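Each chain, written out:
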Amino acid sequence: MSLFFDADWFDAKLEERGLDRNALAASAGLDRTQLHAVYINERALEPAELRAFAALLGADLIEVSLKSGIAARPFEPAADPDARLANFEARLDAIDDWLNELERKRA
C-alpha cells in the first residue's frame, strides 16, 4: 500500500501537458479503478508503471517514484534471519541495477 501519493503534483504535471488522468492510466495499462486506488493511497505502483508515468510526464523516474509515495512492507517477525538477509541483499542488488540503468540513460 502506498503511504503518500502526491495527487496534486501528478495532476499539475498532466495539466502542463494538456493531459488528464485517463492518459496517465492508459500509459501504464491501468483502468480508472486501479488509478483511483493509487490516487487514494490504496495501491502502490509497480516499477513498470512508474516508468510509464515518468515517460508520459517527461519527468525524472526518481522524482516520479518519490511523488508516488513509499510502499509499506509487511512485517515478518518469524522469518529466518539468513533468508531475511538474502532478501535484503537481493533488494539492494535490484536497486543497484536500477541506478546503473538510470545512469546509463543519462549518459
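Residues numbered from 1 in each chain as written. Predicted model: local features only at pLDDT ≥ 70, side-chain atom pairs only at ≥ 80, totals over all residues. Heavy atoms only, no water.

### A look at a nonpolar patch on the surface
Okay, step 1: A grouping of Leu92, Ile95 and Leu99 is seen on the molecular surface, where their side chains present a nonpolar patch of about 260 Å² in accessible area.
Okay, step 2: Checked against the element boundaries, Leu92 lands in helix 6 (residues 81–106). (Patch = residues over 30% accessible without salt bridge, like charges linked within 9 Å, V, L, I, M, F, W, Y side chains within 5 Å. Areas by Shrake-Rupley, 256 points an atom, 1.4 Å probe, with all protein chains shown as cover. Salt bridge = Lys/Arg side-chain N within 4 Å of Asp/Glu carboxyl O. Helix = DSSP H or I, 4+ residues; strand = E, 2+ residues; numbered from the N terminus.)

### Description of helix 3 (residues 32–39)
Okay, step 1: Among the residues making up helix 3, those that are buried are Leu35, Ala37, Val38 and Tyr39.
Okay, step 2: On its buried face, helix 3 is in contact with helix 1 (7–16), helix 2 (21–27) and helix 4 (47–57).
Okay, step 3: Phi for Asn41, located one or two positions after helix 3, is positive at around 65 degrees. (Buried < 20%, exposed > 50% of the residue type's maximum accessible area, 1.4 Å probe, protein only. Contact = heavy atoms within 4.5 Å.)

### Examining a negative patch on the surface
Okay, step 1: Taken together, the side chains of Glu89, Asp93, Asp96 and Asp97 make up a negatively charged region of the molecular surface.
Okay, step 2: Note that Asp97 resides in helix 6.
Okay, step 3: Note on Asp97: relative accessible area 52%, which makes it exposed. (Lys, Arg positive; Asp, Glu negative; His and termini not counted. Charge placed at Lys NZ, Arg CZ, Asp CG, Glu CD.)

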